[in-house]
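# Coordinate analysis (summary)
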There are 2 protein chains.
Amino acid sequence: MSYYVTMGRTPPHPEVSQFDLQQVLEALVDPVRRSIVTQLDSAGEDIKCGDFDMPVTKSTATHHFKVLREAGLIRQYYVGTARMNALRRAEMDEAFPGLLDALTTPARQPA
Amino acid sequence: MSYYVTMGRTPPHPEVSQFDLQQVLEALVDPVRRSIVTQLDSAGEDIKCGDFDMPVTKSTATHHFKVLREAGLIRQYYVGTARMNALRRAEMDEAFPGLLDALTTPARQPA
DNA sequence: GCAAAAGTACGATCGCTGTCAAACTTCGAC
DNA sequence: GTCGAAGTTTGACAGCGATCGTACTTTTGC
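Structural notes, computed from the coordinates. Quick caveat: nothing in here was measured; it's all calculated off a predicted structure.

Procedures and definitions
Residues numbered from 1 in each chain as written. Chains lettered and ligands numbered in written order. Predicted model: local features only at pLDDT ≥ 70, side-chain atom pairs only at ≥ 80, totals over all residues. Heavy atoms only, no water. Near = heavy atom within 4 Å. Polar contact = N/O pair within 3.5 Å; in protein donor to acceptor, adjacent residues only side chain to side chain. Helix = DSSP H or I, 4+ residues; strand = E, 2+ residues; numbered from the N terminus. Nonpolar A, V, L, I, M, F, W, Y, C, P; charged D, E, K, R; others polar.

This next bit is on the protein's contact with DNA strand C. In the vicinity of DNA strand C there are 23 residues, among which A:Lys58, A:Ser59, A:Thr62, A:Arg83 and B:His64 approach most closely. Considering the 4 Å shell around the protein, atoms of DNA strand C inside it are sugar or phosphate in 73% of instances. In this structure, B:Arg33 approaches DNA strand C through a side-chain N or O atom, which is 3.0 Å from a phosphate oxygen. Within the residue set of the surface near DNA strand C, elements represented by two or more residues are helix H4 (58-71) and strand E3 (82-87) of chain A together with helix H4 (58-71) of chain B. Sort the elements by how many residues they give to the surface near DNA strand C and H4(B) lands first, with four residues. Here the residues of the surface near DNA strand C are counted per class, giving six nonpolar, eleven polar and six charged.

Structure representation (structure tokens):
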């Protein structure tokens, strides 16, 4: 367990300047992934992969986290064997003002 | 050419109370459809199907308009042989405040 | 060291959707 | 009425992406 090894397990994260609207929308259009974002937003704190409420297997969950991470929506880091997930709120707001607000705010009319 | 016939050609439109976020996002995730919405928004007036700048054939365009209409994003009506398209801005804002703003406002950071 | 826990990687399905071409319908103009 | 313009409908096709199971890796705790 060295610092180097830990870094080697840190996946790549895009910078704000690299955020792409198309990619972000493709990430958010999936209900499971949108639920992940919503849970992170309402929790207000980082959540480990295994602690989300999700109707899919672990391998599928890994896929969803990867899509969210590569779009810039979440930041992932390890704590022991657990992978923590943090919502990149401020950075998303900087790139796409109002977008996350519109999606995390409960809708007015719809059922 | 009677009033009845004209009505018979009017396609069904959902009411605001029936708008569904999932459906709206699925409509807006497609670049061609998002471009349609953007063009309507910046034009500020109704546009006929044939007057949009689109990289697809007519039959594909028909499909895209249908998806947008069924999601509640546009309202369609006939004027002669031309089918006009109106952005349902106010109704969308009522159902999902800030969503269209976030998508029609040019992004800050991204390329 | 070893086993268990937590995720990841890889292949394989499988359904959905964006696309087109071709045939058809509707309306307006002449 | 005939013709052209404008869209629609239908069927086919291709590619993508969500899903799962299985095998693998990494770390912690004993």
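Bringing the protein's contact with DNA strand D into the picture now. Around DNA strand D lies a shell of 23 residues, among which A:Ser59, A:His64, B:Lys58, B:Thr62 and B:Arg83 are the nearest. The sugar-phosphate share of atoms of DNA strand D within 4 Å of the protein amounts to 70%. Between DNA strand D and A:Ser59, the relevant distance is 2.9 Å, taken from a base oxygen to a side-chain nitrogen or oxygen of the residue. Take B:Thr81: an N or O atom from its side chain is 3.4 Å from a sugar or linking oxygen of DNA strand D. If you list the elements that add at least two residues to the surface near DNA strand D, you get H4 of chain A together with H4 and strand E3 (82-87) of chain B. Grouping the amino acids of the surface near DNA strand D by side-chain chemistry returns six nonpolar, eleven polar and six charged.

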